[in-house]
Amino acid sequence: INNMAKTAAGAVNNPGNIRTEKYPYKGEFYDAKQPFLSFDTLANGYNAMVVKYRYYYDKFGDKTLNAIINRYAPPADNNDTSAYVKDVSEAIGCDPDADFGDILNNNDTMAAMLKAVTVVEQGNDFVTQNSDDIDAAISSLFSENAYNA
């Protein structure tokens, strides 16, 4: 587990703050008593984020960045979802209502989205302090094509 992280979710390799749920993510440590999942590596934490986005796209019919983020970080969970959508869409240079499939199928855009979500969830300091680890974890997803599972 990443001991360099400065946030609780970062410390458990969960850069997207994925809540505890019964889904067999790669490298997940499931503990029903914890509010957020833990992962064995930062790469597996990012992989879980992409698996979750793909599930929303394929199974729920959330076909835009706006719809994905509204499900991922709903206002009901005390999120400023409008600001979240704006921050991520600006960071990746994508219209919030564009087809999310274009993001899922473009490694560069997905990498930018993962980093942008990490900034929203963990803060700029976390991203700055762990930049090399984050870049390595994200690039490992694409070199293995692991996230297309």
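Residues numbered from 1 in each chain as written. Predicted model: local features only at pLDDT ≥ 70, side-chain atom pairs only at ≥ 80, totals over all residues. Heavy atoms only, no water.

## Describing the environment of N66
Here N66 shows up in helix 3 (residues 65–72). What makes N66 partly exposed here is its relative accessible area of 26%. Counting along the chain gives 34 residues from N66 to F100, while the straight-line C-alpha distance between them is 8.8 Å. Setting aside chain neighbours within four positions, we find N66 in contact with V85, P96 and D97. A polar side-chain atom of N66 sits 2.7 Å from a polar atom in the side chain of N70. (Helix = DSSP H or I, 4+ residues; strand = E, 2+ residues; numbered from the N terminus. Buried < 20%, exposed > 50% of the residue type's maximum accessible area, 1.4 Å probe, protein only. Contact = heavy atoms within 4.5 Å. Polar contact = N/O pair within 3.5 Å; in protein donor to acceptor, adjacent residues only side chain to side chain.)

## Focus on the packing of helix 4 (residues 81–92) against helix 6 (residues 107–122)
Close contact between helix 4 and helix 6 brings their axes to 9 Å; oriented N to C, the two are set at 140°. When the axis of helix 4 is compared with that of helix 6, the two are oblique. Seen along the crossing, helix 4 lies across helix 6 with a hand that is right-handed. Of helix 6, the residues touching helix 4 (which contributes Y84, D87, V88, A91 and I92) are T109, A112, M113, A116, V117, V120 and E121. Class assignment for the residues of the contact of helix 4 with helix 6 results in nine nonpolar, one polar and two charged. (Axes fitted to C-alpha atoms, helices over the stretch in contact; angles between N-to-C directions. Parallel < 35°, antiparallel > 145°, perpendicular 65-115°, else oblique. Left-handed = near helix turned anticlockwise from the far one by under 90°. Nonpolar A, V, L, I, M, F, W, Y, C, P; charged D, E, K, R; others polar.)

## Comments concerning helix 2 (residues 42–59)
Compared with an ideal rise of 1.5 Å per residue, which puts 18 residues at 26 Å, helix 2 spans 25 Å between its outermost C-alpha atoms and is within 8% of the ideal. The buried count for helix 2 comes to 15 of 18 residues, which makes it a mostly enclosed element. Where helix 2 ends, the next residue or the one after it, G61, has phi of about 75°, a positive value. (Expected span 1.5 Å × (residues − 1).)

## What about the environment of C94?
Along the chain, C94 falls in the loop between helix 4 and helix 5 (100–104). For C94, a relative accessible area of 15% translates into the label buried. It is 8.7 Å that separates the C-alpha atoms of C94 and T109, two residues lying 15 residues apart in sequence. The contacts of C94, once residues within four sequence positions are left out, are S89 and I103.

## Some remarks on the packing of aromatic side chains
Applying the stated rule across the entire model yields seven aromatic pairs. Arranged with centres 6.1 Å apart and planes meeting at 70°, the rings of Y25 and F39 form a pair that is edge-to-face. With Y25 in the loop between helix 1 (8–11) and strand 1 (28–29) and F39 in strand 2 (residues 38–39), the pair connects residues that are 14 residues apart, well separated along the chain. With a relative accessible area of 8%, Y25 lands in the buried category. Ring geometry for Y57 versus F100: centroids 6.3 Å apart, planes at 45°, classification tilted. Of this pair, Y57 sits in helix 2 while F100 sits in helix 5, and the two are 43 residues apart along the sequence. Each member of the pair, Y57 as well as F100, is classed as buried. The ring of Y56 has R71 lying over it, and the distance from NZ or CZ to the ring centre is 5.8 Å. A cation sits over an aromatic face here: R71 above F60, 3.9 Å from the ring centre. (Phe/Tyr/Trp six-rings, centres within 6.5 Å; stacked < 30°, edge-to-face > 60°. Lys NZ or Arg CZ within 6 Å of the ring centre and 35° of its normal.)

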